[in-house]
Amino acid sequence: METTTRTLQSCKRIALVAHDHRKRALINWVKTHRTLLAQHELYGTGTTGNLIHQEMGLNVHTLLSGPMGGDQQLGGMIAELKMDMMIFFWDPMNAAPHDPDVKALMRIATVWNIPVALNAATADFLISSSAFNQPIDIHIPDYESYLKQRLK
Ligand SMILES: O=C(CO)COP(=O)(O)O
């Protein structure tokens, strides 16, 4: 597929998501990096986002709760280039009722090539990158040429 360049601006739109058994770990991670994160625009699935707001007073745009459609909302935002990064502490040890939605979210984040952390170590790598607070170019599918090709 042909690609094009998309610039992620200095101020990133960051999705924060955690499954129930991983919420404490994500909240602690956010606490550790609060000052840096507060310089960005934060989004969260319903429970995760509200917990972060409650515990830390950070402004978080909240979507629906994951099992109620929040993962799908987030996936839609990623596909529409309205999200720049995702930190998703998912639970590899327990089945989720909305597993198809989780899989779809990971898939669409990969299609659109946004930086994604699925565990704490990768989240640490992302937040310690100079690109976290600076513009960075990423390669994304060239949708116009993709569509033109399919309509031939
Ligand atoms: O289920 C989730 C991600 O798949 C997260 O949803 P909540 O933040 O509402 O718990």
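This report concerns the structure included in the present document. Sequence order as written defines the numbering, with residues in each chain counted from 1. Note on the predicted model: pLDDT of at least 70 is required for a residue's local features to be given, and 80 or more for side-chain atom pairs to be given and counted; whole-chain, interface and lining totals, by contrast, use all residues. To get the side-chain values, take all heavy atoms of the structure and skip hydrogens and water.

## Observations regarding the sheet that holds strand β2 (residues 13-18)
The line we're drawing: Any two strands with at least two DSSP bridges between them are considered paired. Counting from the N terminus, the helices are the DSSP runs of H or I reaching at least four residues and the strands are the DSSP runs of E reaching at least two. It only takes one pair of heavy atoms within 4.5 Å for two residues to be counted as in contact. Only the contacting stretch of a helix is used when fitting its axis, a line to C-alpha atoms as for every element, and angles between N-to-C directions run 0 to 180 degrees.
One open sheet accounts for five strands, arranged β4-β3-β2-β5-β6; its pairing is parallel. At either end of the open sheet lies a strand with only one pairing partner, and these are β4 (60-62) and β6 (116-117). Across the sheet, helix α1 (residues 23-32) touches β2 and β5 (85-89), and the angle it forms with β2 is around 145°. Most of the contacts of helix α4 (residues 70-79) go to β5, to which it runs at about 155°, and overall it touches β2, β3 (41-44) and β5.

## Topic: the pairing of β3
Spelled out, the test is: Seen with its strands pointing away from the viewer, a crossover is right-handed when the path leading from the first strand over the helix to the second is clockwise.
Bridging between β2 and β3 involves four bridges; their strand directions are parallel. Within β3, the residue paired with Leu 16 across the bridge is Gly 44. Bridge analysis of β3 against β4 gives three bridges, and the strand direction is parallel. Pairing of Tyr 43 across the sheet is with His 61, part of β4. For the handedness criterion, the β-α-β arrangement of β3, helix α3 (residues 46-56) and β4 is classed as right-handed.

## Quick notes on the site of the ligand
Counted only if it meets this: Being near a molecule or strand, for a residue, comes down to having at least one heavy atom within 4 Å of it. Here a polar contact means two N or O atoms within 3.5 Å. Within protein one must be a hydrogen donor candidate and the other an acceptor candidate, and residues neighboring in sequence count only if both atoms are side-chain atoms. The accessible surface values rely on the Shrake-Rupley method and a 1.4 Å probe; as for residues, cover is taken only from the protein chains in view. Side-chain classes are defined by residue name, with Ala, Val, Leu, Ile, Met, Phe, Trp, Tyr, Cys and Pro counting as nonpolar, Asp, Glu, Lys and Arg as charged, and the others, Gly among them, as polar.
Every one of the 16 residues lining the ligand counts as a neighbour, but Lys 23, Thr 45, Thr 48, Ser 65 and Asp 71 are closest to it. The contact in question runs from an oxygen atom of the ligand to an N or O atom on the side chain of Thr 48, over 2.5 Å. When isolated, the ligand has an accessible area of 300 Å², and the protein chains bury 97% of it. For the shell around the ligand, the secondary structure elements donating two or more residues are β2 and α3. Per element, the largest residue contribution to the shell around the ligand is three residues, and it comes from α3. Partitioning the shell around the ligand into residue classes produces five nonpolar, eight polar and three charged.

## What about the packing of α4 against helix α5 (residues 99-111)?
The cut-off we apply is this: Roughly parallel means an angle under 35 degrees; roughly antiparallel means over 145; roughly perpendicular covers 65 to 115; every other angle is labelled oblique. In this scheme the handedness of a crossing depends on how the near helix is turned from the far one: anticlockwise by less than a right angle means left-handed, clockwise means right-handed.
Running from amino to carboxyl end, α4 crosses α5 at an angle of 15°, the nearest separation of the two axes being 9 Å. Considered as vectors, α4 and α5 are oriented roughly parallel to each other. The hand of the α4/α5 crossing is left-handed. Judged by residue contacts, Asp 71, Gln 72, Leu 74, Gly 75, Ile 78 and Ala 79 of α4 engage Asp 101, Val 102, Leu 105, Ile 108 and Ala 109 from α5. Residues that form the contact of α4 with α5 fall into these classes: seven nonpolar, two polar and two charged.

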